[in-house]
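The residues making up each chain are set out below.
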Amino acid sequence: MPMQIRQATIHDLDALVPLFDGYRQFYGKPSDPEGVRAFLAARFAHHQSVILLASDGQGAGLGFTQLYPLFSSVRMVRTYLLNDMFVSAQARRQGVASALLREAAAHARALGAASLSLSTALDNAPAQALYESLGWQRDREFCEYTLTL
């Protein structure tokens, strides 16, 4: 399938909103296109994330990934959190996710980042297999905790 991946801009909101809304619904959240548009517009306006958009030959959105910049104090380096990734149902199993992951790594590397990190559900075996096939390694040293505020 012909595919292009590029860094999205605020001008890509029309393509991103249905993808991001589908991503949220995948995780059990109700559809909220207006909320999604506002959330993404704020990320663009404040330069708080990098969104990579995969599209087909006609420009239709196939999937996206969103990277948030972080820093490792101990290592004194920039890192990125690959916080969101989604491929539309009709584009799955066609290499879109692999291409997005490769482009995310290339993008972070080009910006001088030392690493990328991500989290996925413990029962998401297909995603885990994909990540590991591309060289991602499961953390065996640290446990991850969350405090809901």
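Computed from a predicted model, the values in this text were never measured in an experiment.

### Topic: the sheet that holds strand S3 (residues 61–72)
Next, step 1: Taking strand neighbours across the sheet as the criterion, the five strands line up as S1-S2-S3-S4-S5 in an open arrangement whose pairing is mixed. Across the chains shown, the open sheet's two edge strands, defined by having one partner strand only, are strand S1 (3–7) and strand S5 (115–117). Each strand of the sheet is rotated relative to its neighbour by a mean of 25 degrees, with strand direction disregarded.
Next, step 2: The sheet contact formed by strand S4 (residues 77–87) and S5 spans three bridges and is parallel. Looking at S5, one finds that Leu 81 is bridged to Ser 117.
Next, step 3: Each of strand S2 (50–56) and S3 touches helix H2 (residues 33–45); the most contacted strand, S3, lies at about 50 degrees to it.

### Looking at the packing of aromatic side chains
Next, step 1: Under the definition given, this model contains eight aromatic pairs.
Next, step 2: Relative to Tyr 23, the ring of Phe 20 lies with its centre 5.6 Å away and its plane at 55 degrees, an arrangement referred to as tilted. Taken together, the positions of Phe 20 and Tyr 23, both in helix H1 (residues 13–26) and three residues apart, correspond to about one turn of that helix.
Next, step 3: Among the residues examined, Tyr 23 registers a relative accessible area of 11% and is labelled buried.
Next, step 4: Ring geometry for Tyr 23 against Tyr 27: centres 5.4 Å apart, planes inclined by 75 degrees, an arrangement best described as edge-to-face.

### Focus: unusual backbone geometry
Working note: non-glycine residues mostly have negative phi, and peptide bonds are mostly trans.
Next, step 1: In this structure, His 47 is a non-glycine residue whose phi angle is positive, near 50 degrees.
Next, step 2: Checked against the element boundaries, His 47 lands in the loop between H2 and S2.
Next, step 3: Phi is positive for Arg 93, close to 65 degrees, though the residue is something other than glycine.
Next, step 4: Mapping Arg 93 onto the fold places it in the loop between S4 and helix H3 (96–110).
Next, step 5: By relative accessible area, which is 84% here, Arg 93 ends up exposed.

### Looking at the packing of H1 against H2
Next, step 1: Here H1 crosses H2 at 115 degrees, and the two axes come no closer than 9 Å. Crossing angle aside, the handedness with which H1 passes H2 is right-handed. Only Pro 33, Val 36, Arg 37, Phe 39, Leu 40, Ala 41 and Phe 44 of H2 make contact with H1, whose side of the interface consists of Leu 13, Asp 14, Leu 16, Val 17, Phe 20, Asp 21 and Arg 24.
Next, step 2: Residue composition of the contact of H1 with H2, grouped by class: ten nonpolar, no polar and four charged.

### A look at the pattern of salt bridges
Oppositely charged side chains are able to pair whenever their charged atoms sit close together.
Next, step 1: Applying the stated criterion across every chain yields a total of three salt bridges.
Next, step 2: Residue Asp 14 pairs with Arg 37 through a salt bridge whose shortest N-O separation is 2.8 Å. Taken as a pair, Asp 14 in helix H1 and Arg 37 in helix H2 lie far apart in primary sequence, 23 residues in all.
Next, step 3: The class for Arg 37 is partly exposed, based on a relative accessible area of 33%.

What counts as what
All residue numbers here refer to positions counted from 1 along the written sequence of the relevant chain. Per-residue local features of the predicted model are confined to residues with pLDDT of at least 70, and side-chain atom pairs are confined, for both listing and counting, to 80 or more; whole-chain, interface and lining totals are unaffected and use all residues. Computation of side-chain values: all heavy atoms of the structure, hydrogens and water removed. Here, strands pair whenever DSSP counts at least two bridges between them. Secondary structure elements are defined from DSSP: runs of H or I of at least 4 residues count as helices, runs of E of at least 2 residues count as strands, and each element is numbered from the N terminus. For helices, the fitted axis covers only the stretch in contact; all axes are lines through C-alpha atoms, and the angles between them, taken along N-to-C directions, range from 0 to 180 degrees. Any two residues whose heavy atoms approach within 4.5 Å are treated as being in contact. The rule is short: rings of Phe, Tyr and Trp, with Trp giving its six-membered ring, pair when the centres are within 6.5 Å, and they are stacked under 30 degrees, edge-to-face over 60, tilted in between. Buried, partly exposed and exposed residues are distinguished by accessible area as a fraction of the type maximum, computed with a 1.4 Å probe on protein chains only: under 20%, between the cut-offs, and over 50%, respectively. Handedness of a crossing is defined here by the sense of rotation of the near helix relative to the far one, left-handed for an anticlockwise turn of less than a right angle and right-handed for a clockwise turn. Note that Gly is not counted as nonpolar here; it falls among the polar residues with everything else outside the nonpolar set of Ala, Val, Leu, Ile, Met, Phe, Trp, Tyr, Cys and Pro and the charged set of Asp, Glu, Lys and Arg. Salt bridges, as used here, are contacts in which a Lys or Arg side-chain nitrogen is within 4 Å of a carboxyl oxygen on Asp or Glu.

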